[in-house]
Amino acid sequence: MEKSKSKNNEKSKSTNTTLSVGAETREKVVSRLQEINKQSVGGNITVRQYIEFLMDLETPENLKTLLKSSIRGKTLNELYKKRFFEKFNTQSEDEFYSFIWSDKFSKFKKENRDVLELF
């Protein structure tokens, strides 16, 4: 009798966990799955299958694009600072911050749009 209880307990343990996403993202995924599952061929695709499929499409180039899109604010400023130090052969943060507040900085940013390649 104890053996059957232990087998039932092992079977009832779920390995599923939740993944929190915003309402808009959830709506998009559910909507897309509904479109996919309207197809007359094959069975219904689950959210798990869909996410695993999308993860298989991940490439280093796509991941790099995703990471670049997440760079903003302080991190972007650090990349410009690194480029400034390279170009002007200095390590003075005071010079860098003075440069940021000058009219020359917007031109510098335009000329150095490739700073995202530094990471």
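What counts, and at which threshold
Residues numbered from 1 in each chain as written. Predicted model: local features only at pLDDT ≥ 70, side-chain atom pairs only at ≥ 80, totals over all residues. Heavy atoms only, no water. Helix = DSSP H or I, 4+ residues; strand = E, 2+ residues; numbered from the N terminus. Buried < 20%, exposed > 50% of the residue type's maximum accessible area, 1.4 Å probe, protein only. Areas by Shrake-Rupley, 256 points an atom, 1.4 Å probe, with all protein chains shown as cover. Axes fitted to C-alpha atoms, helices over the stretch in contact; angles between N-to-C directions. Parallel < 35°, antiparallel > 145°, perpendicular 65-115°, else oblique. Left-handed = near helix turned anticlockwise from the far one by under 90°. Contact = heavy atoms within 4.5 Å. Nonpolar A, V, L, I, M, F, W, Y, C, P; charged D, E, K, R; others polar. Patch = residues over 30% accessible without salt bridge, like charges linked within 9 Å, V, L, I, M, F, W, Y side chains within 5 Å. Salt bridge = Lys/Arg side-chain N within 4 Å of Asp/Glu carboxyl O. Core = buried A, V, L, I, M, F, W, Y, C linked by side-chain atoms within 4.5 Å. Phe/Tyr/Trp six-rings, centres within 6.5 Å; stacked < 30°, edge-to-face > 60°.

K.L.:
Please clarify how the overall build of the chain should be interpreted in this entry.
P.N.:
Counting its secondary structure elements, the chain contains seven helices and zero strands. Along the chain, helices (α) and strands (β) appear in the sequence α-α-α-α-α-α-α when read from the amino end. Within the chain, the fraction of its 119 residues that count as buried is 14%. When the accessible surface of the chain is totalled, it reaches about 10500 Å², and 52% of it is carbon and sulfur.

K.L.:
I tried to follow the packing of helix α5 (residues 73-88) against helix α6 (residues 93-100) on my own but got confused; where do I start?
P.N.:
If you want to describe how two helices pack, look at the angle between their axes and the distance between the axes. It is at 10 Å that the axes of α5 and α6 come closest, and there the two elements cross at 110°. Here α5 lies roughly perpendicular to α6, going by the angle between them. Between α5 and α6 the crossing geometry is right-handed. The segment α5 lies against α6, with Asn 77, Tyr 80, Lys 81, Phe 84, Phe 85 and Phe 88 engaging Glu 93, Glu 95, Phe 96, Tyr 97, Phe 99 and Ile 100. Considered class by class, the residues forming the contact of α5 with α6 number eight nonpolar, one polar and three charged.

K.L.:
What is the right way to look at a nonpolar patch on the surface in this model?
P.N.:
There is a patch of nonpolar side chains on the surface, built from Leu 19, Val 21, Val 47, Ile 51 and Met 55 and spanning about 470 Å² of accessible area. Along the chain, Leu 19 falls in the loop between α1 (2-12) and α2 (23-37). On the basis of relative accessibility, which here comes to 67%, the residue Leu 19 falls in the exposed class.

K.L.:
Is there a simple way to explain the nonpolar core in this structure?
P.N.:
Nonpolar side chains tend toward joint burial in soluble globular proteins. In terms of nonpolar packing, the biggest core is built from 11 residues, these being Ile 71, Leu 79, Tyr 80, Phe 84, Phe 85, Phe 96, Phe 99, Ile 100, Phe 105, Phe 108 and Val 115. Elements represented by at least two residues in this core include exactly α5, α6 and α7 (104-111). Excluding anything up to four places from it in sequence, Phe 84 contacts Asn 89, Thr 90, Glu 95, Phe 96, Phe 99 and Phe 108.

K.L.:
I tried to follow the packing of aromatic side chains on my own but got confused; where do I start?
P.N.:
For any pair of aromatic rings, geometry is given as the distance between the ring centres together with the angle between the planes. Enumeration over the complete set of coordinates arrives at 14 aromatic pairs. Measuring from centroid to centroid gives 6.4 Å for Phe 84 and Phe 108, while their planes differ by 75°, and the two rings are edge-to-face. Within this pair, whereas Phe 84 is found in helix α5, its partner Phe 108 is found in helix α7, the two being separated by 24 residues in sequence. Members of the aromatic cluster, connected to one another through ring pairs, are Tyr 80, Phe 84, Phe 85, Phe 88, Phe 96, Tyr 97, Phe 99, Phe 105 and Phe 108.

K.L.:
Where do I start with the side chain of Asn 112 in this structure?
P.N.:
Relative to the elements of secondary structure, Asn 112 occurs in the segment after α7. What makes Asn 112 buried here is its relative accessible area of 1%. With near-sequence residues (within four places) excluded, Asn 112 lies in contact with Tyr 80, Arg 83 and Lys 87.

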